[in-house]
Amino acid sequence: NDISFNINFYHTEIISKLLLGGVKISDQTVLSGDYVAANNNLTLYGNLPLVDVFGTKIKALKVKGDANNNKLRLTIDAKSIYNNDSLKIDNFNITSTVENDSALTKIAWLNKLDVLKNEGNITLKTNFNSFYNVSNQLENSYVYISDSLWSISPSNQIIIDTSYITVNDFKLSSATQSVFMNGTFSNNVNDQLNLFMKNIDLLTFKNLIPKIEILMI
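The following refers to the structure shown. Quick caveat: nothing in here was measured; it's all calculated off a predicted structure.

Rules used throughout
- Residues numbered from 1 in each chain as written.
- Predicted model: local features only at pLDDT ≥ 70, side-chain atom pairs only at ≥ 80, totals over all residues.
- Heavy atoms only, no water.
- Patch = residues over 30% accessible without salt bridge, like charges linked within 9 Å, V, L, I, M, F, W, Y side chains within 5 Å.
- Areas by Shrake-Rupley, 256 points an atom, 1.4 Å probe, with all protein chains shown as cover.
- Salt bridge = Lys/Arg side-chain N within 4 Å of Asp/Glu carboxyl O.
- Helix = DSSP H or I, 4+ residues; strand = E, 2+ residues; numbered from the N terminus.
- Buried < 20%, exposed > 50% of the residue type's maximum accessible area, 1.4 Å probe, protein only.
- Pairing = 2+ DSSP bridges.
- Lys, Arg positive; Asp, Glu negative; His and termini not counted.
- Polar contact = N/O pair within 3.5 Å; in protein donor to acceptor, adjacent residues only side chain to side chain.
- Contact = heavy atoms within 4.5 Å.
- Phe/Tyr/Trp six-rings, centres within 6.5 Å; stacked < 30°, edge-to-face > 60°.
- Lys NZ or Arg CZ within 6 Å of the ring centre and 35° of its normal.
- Core = buried A, V, L, I, M, F, W, Y, C linked by side-chain atoms within 4.5 Å.

Quick look at a nonpolar patch on the surface
- Residues Ile3, Phe5, Ile7, Leu31, Leu42 and Leu44 make up a contiguous nonpolar surface patch of about 450 Å² in total accessible area.
- When contributions to the nonpolar patch are tallied by element, the ones reaching two or more residues are strand E1 (3-9) and strand E4 (41-53).
- The element contributing the most residues to the nonpolar patch is E1, with three residues.
- By the element assignment, Leu31 lies in strand E3 (residues 29-36).
- Using a relative accessible area of 33% as the deciding quantity, one classes Leu31 as partly exposed.

Considerations on the pairing of strand E13 (residues 164-174)
- In terms of strand pairing, strand E11 (residues 148-152) meets E13 through two bridges, oriented antiparallel. The partner of Ile152 across the bridge, within E13, is Leu172.
- Inspection of the sheet shows strand E12 (residues 157-161) paired to E13 by four bridges, in the antiparallel sense. Paired with Ile160 across the bridge in E13 is Ile165.

Side note on the side chain of Asp161
- Note that Asp161 resides in strand E12.
- Despite its burial, Asp161 pairs with no opposite charge, the nearest such side chain being Lys125 at 19 Å.
- At a separation of 3.3 Å, a polar atom in the side chain of Asp161 contacts the side chain of Thr162.
- The residues touching Asp161, leaving out its near neighbours within four places in the chain, are Tyr132 and Asn133.

A few points about the packing of aromatic side chains
- Applying the stated criterion across every chain, the model contains three aromatic pairs.
- Taking 6.0 Å as the distance between ring centres and 85° as the angle between the ring planes, the aromatic pair formed by Tyr142 and Tyr144 counts as edge-to-face.
- Take Tyr142: its relative accessible area is 27%, and that puts it in the partly exposed class.
- Positioned over the ring face of Tyr144 is Lys117, at 4.1 Å from the centre of the ring.

A short note on the nonpolar core
- By size, the foremost hydrophobic cluster in this structure holds 19 residues, and its most contacted members are Val51, Ile58, Leu61, Ala78, Phe92 and Val143.
- Those elements that place two or more of their residues in this core are E4, strand E5 (56-67), strand E6 (71-83), strand E7 (87-99), strand E10 (133-145), E11 and E13.
- At three residues, the largest contribution of residues to this core is made by E10.
- Once residues within four sequence positions are removed from consideration, Ile58 is found in contact with Pro49, Leu50, Val51, Val53, Ala78, Ser80 and Ile81.

Structural data, given as C-alpha cells:
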C-alpha cells in the first residue's frame with residue numbers, strides 16, 4: 001500500500017528537549033513523505049525555518065531524501081548558517097548519492113554579499129571497502145576564504161578504519177601558504193600523523209574563529 005504523511009510541528013520546546021538532545025527547531029517545521037509500494041521508493045521532505053545547534057543557527061533549512069532498493073539520494077539546502085556573526089555561510093548546499101559500495105558527495109556555499117570572496121566547492125568520493133573500512137578522496141575541490149583561493153591536492157586520500165585513520169598526501173594550499181598532512185593516527189605507538197604548516201597568515205581565518213568574550217567580575 002502507498003503511504004503519504006504530513007506533520008506540522010508547533011510548540012517545539014518539548015520535542016527539542018526530549019528527542020533532539022537540546023537542538024532547537026522552530027515552530028512551523030514541516031516533515032512530510034511518500035512511499036510508493038510499486039517501486040519500493042521512499043521520499044522524505046523536511047522544511048525547517050530555523051534550527052539552533054547549541055548556538056549555531058541554520059536558517060531556512062530544507063532536506064530531501066529519496067531511497068529505493070538501489071540508490072539513496074540526499075539533498076540539504078540552507079539559506080545561511082551563522083554563529084553570533086563571527087562565522088557566516090550563505091547559500092549552503094549538500095548533495096549526496098549512495099549506490100552499491102560508493103558515495104559521491106558535493107558541498108558548496110556562496111556568500112554573495114561579502115566584500116571579500118567567500119565560497120567553496122568540495123567533491124568527496126567515498127568507497128565502502130568493508131563494514132569497518134572506508135576510503136575517501138577529495139576531487140576538484142577548492143575554497144575561497146577572504147579572497148584567498150585554497151586548493152586541495154588531487155592525490156589526497158583519507159582511510160578511516162575502526163582501529164586507525166590514515167591520511168595520504170593531503171595538502172591545502174594558497175599561494176605561498178600551505179597545510180600538509182600525512183601519516184597514520186592509531187593506538188599503535190609506532191604510527192605517526194604528521195602536520196606541516198608553511199607561511200600561514202592567521203588573519204585570513206579571523207572570520208572563521210568564534211569570538212570569545214571574557215567577563216571580568
